[in-house]
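Structural description and commentary
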Amino acid sequence: MKIIKNILVTVVAIAFFLGLVVLGTQIFFKKKYDIDLFATINNFKTLSQPVDEATHFPDIFGTQDEKDAQAQVNASIADLITFDEETGKYTIHLTEISSNMGAEIDLSDKQLGAFAQMMVAQQMDGKIKISESTTLDFWIKQIKISDVKEDGSATFNTVVKFDLTSIKNGMDKFPMSIVKKYVPDFLYVSSTVDIQKDATDNFKYTVSSNTLTFNNLTSEETANMFKTLDHFLKIGSAENLNKQIGETVMNVLVGVEGDEEKQGLAVGLKPVGATGYKFTSVSEQGHFVITIG
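Residues numbered from 1 in each chain as written. Predicted model: local features only at pLDDT ≥ 70, side-chain atom pairs only at ≥ 80, totals over all residues. Heavy atoms only, no water.

1. Section: the pattern of salt bridges
For the coordinates displayed, the defined rule picks out eight salt bridges. The residue K144 makes a salt bridge to D109 at a minimum N-O spacing of 3.9 Å. Taken as a pair, K144 in strand β5 (residues 135-146) and D109 in helix α6 (residues 109-124) lie far apart in primary sequence, 35 residues in all. Residue D109 is classed as buried on the basis of its relative accessible area, which comes to 2%. (Salt bridge = Lys/Arg side-chain N within 4 Å of Asp/Glu carboxyl O. Helix = DSSP H or I, 4+ residues; strand = E, 2+ residues; numbered from the N terminus. Buried < 20%, exposed > 50% of the residue type's maximum accessible area, 1.4 Å probe, protein only.)

2. Here we look at the layout of surface pockets
There is about 240 Å³ of room inside the second largest pocket. Together, E66, G88, K89, Y90, A114, Q117, M118, A121, Q122 and D125 line the second largest pocket. Taken together, the elements giving at least two residues each to the lining of the second largest pocket come down to β2 (89-92) and α6. Among the residues forming the lining of the second largest pocket, the class breakdown is four nonpolar, three polar and three charged. (1 Å grid on protein atoms, 1.4 Å probe; cavity = no way out; pocket = protein on both sides within 12 Å on 5 of 7 lines; lining within 4 Å. Points joined across faces, edges and corners; volume = space filled by probe spheres on them. Nonpolar A, V, L, I, M, F, W, Y, C, P; charged D, E, K, R; others polar.)

3. Remarks on unusual backbone geometry
Phi at D79 is positive, roughly 60°, even though this residue is not glycine. Relative to the elements of secondary structure, D79 occurs in the loop between α5 (63-74) and β1 (81-84). For N215, which is not glycine, the phi torsion reads 50° and is therefore positive. Looking at the element boundaries, N215 is found in the loop between β8 (205-214) and α8 (219-233).

4. Overview of the packing of aromatic side chains
We describe a pair of aromatic rings using the distance from one ring centre to the other and the angle between the two ring planes. By the definition in use, this model includes nine aromatic pairs. Consider the rings of F138 and F162, whose centres lie 5.8 Å apart with planes at 20°: the pair is stacked. Here F138 is found in strand β5, whereas its partner F162 is found in strand β6 (residues 154-163), with 24 residues between them in sequence. With a relative accessible area of 2%, F162 lands in the buried category. Put simply, the rings of F156, Y205, Y277, F279 and F288 pair up and form one aromatic cluster. For the cation-ring pair, K161 lies above W139, with the distance from its terminal atom to the ring centre recorded as 5.4 Å. Sitting above the plane of the F186 ring, K161 keeps its charged end 4.4 Å from the centroid. (Phe/Tyr/Trp six-rings, centres within 6.5 Å; stacked < 30°, edge-to-face > 60°. Lys NZ or Arg CZ within 6 Å of the ring centre and 35° of its normal.)

5. A few points about the side chain of T158
Position of T158 relative to the elements: it lies in strand β6. Residue classification places T158 among the buried positions, given a relative accessible area of 5%. Beyond its immediate stretch of four places on either side in the chain, T158 contacts Q142, I143, V189, S190, S191 and V249. (Contact = heavy atoms within 4.5 Å.)

The following block contains the structure:
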């Protein structure tokens, strides 16, 4: 969760920094470091604008995908996922498995997104604490699998939505009040990485950065923001952050054998029959499969 905290701190830091930029500073940094502060300002203004989810993220999962995910998982392990009609909440019983996998678990990317959100809601109550006084609501909104290779590798996109209103509510005093308008109510982090399966170990993988975007920004605009902030605050590049996000998601879905802190779903199911994982494509839709046999 340190990764998420760093993202949110970076957004606020960018806003504060931009509020202090003047023309002379722009000329100096453009000539000396090839950093365009005015472009960064325009990028941040774009970042603050509302996001049309349907336009930017057409593969967002829905209620039916949640039901289908439950059915797919339970077809392999009975009652692994249960649903409470009164609370409207799903429960994943990962620590209470008493039978072996009866079949492969095959989830479409939308079903996988729904499953991931179930885990977030169950394990974290859909919230992340970034300081002693600040807790943010967040949601997995989309998982998209594309460019699937014959060896089961693929390009993997995850979109996470953060509610920043509690941060903005604490920015009423000077000097943060002068940059409050540049902080969006909601931050959408869209992380796309390439997952390369290991040739000899069905549970191993390598993650490399593809693209990272915030809200309405392009990947180039997002990278420009990171370049500016890295110069002043040493936060690292967009590529490094994107790789960390991808590794975090894959640690949840697959995991790392021998590392209890990174024992994901596929590795966790190894004692009951899982032999690995792979990405597949069915009618141009990406799928995540936990294999058996």
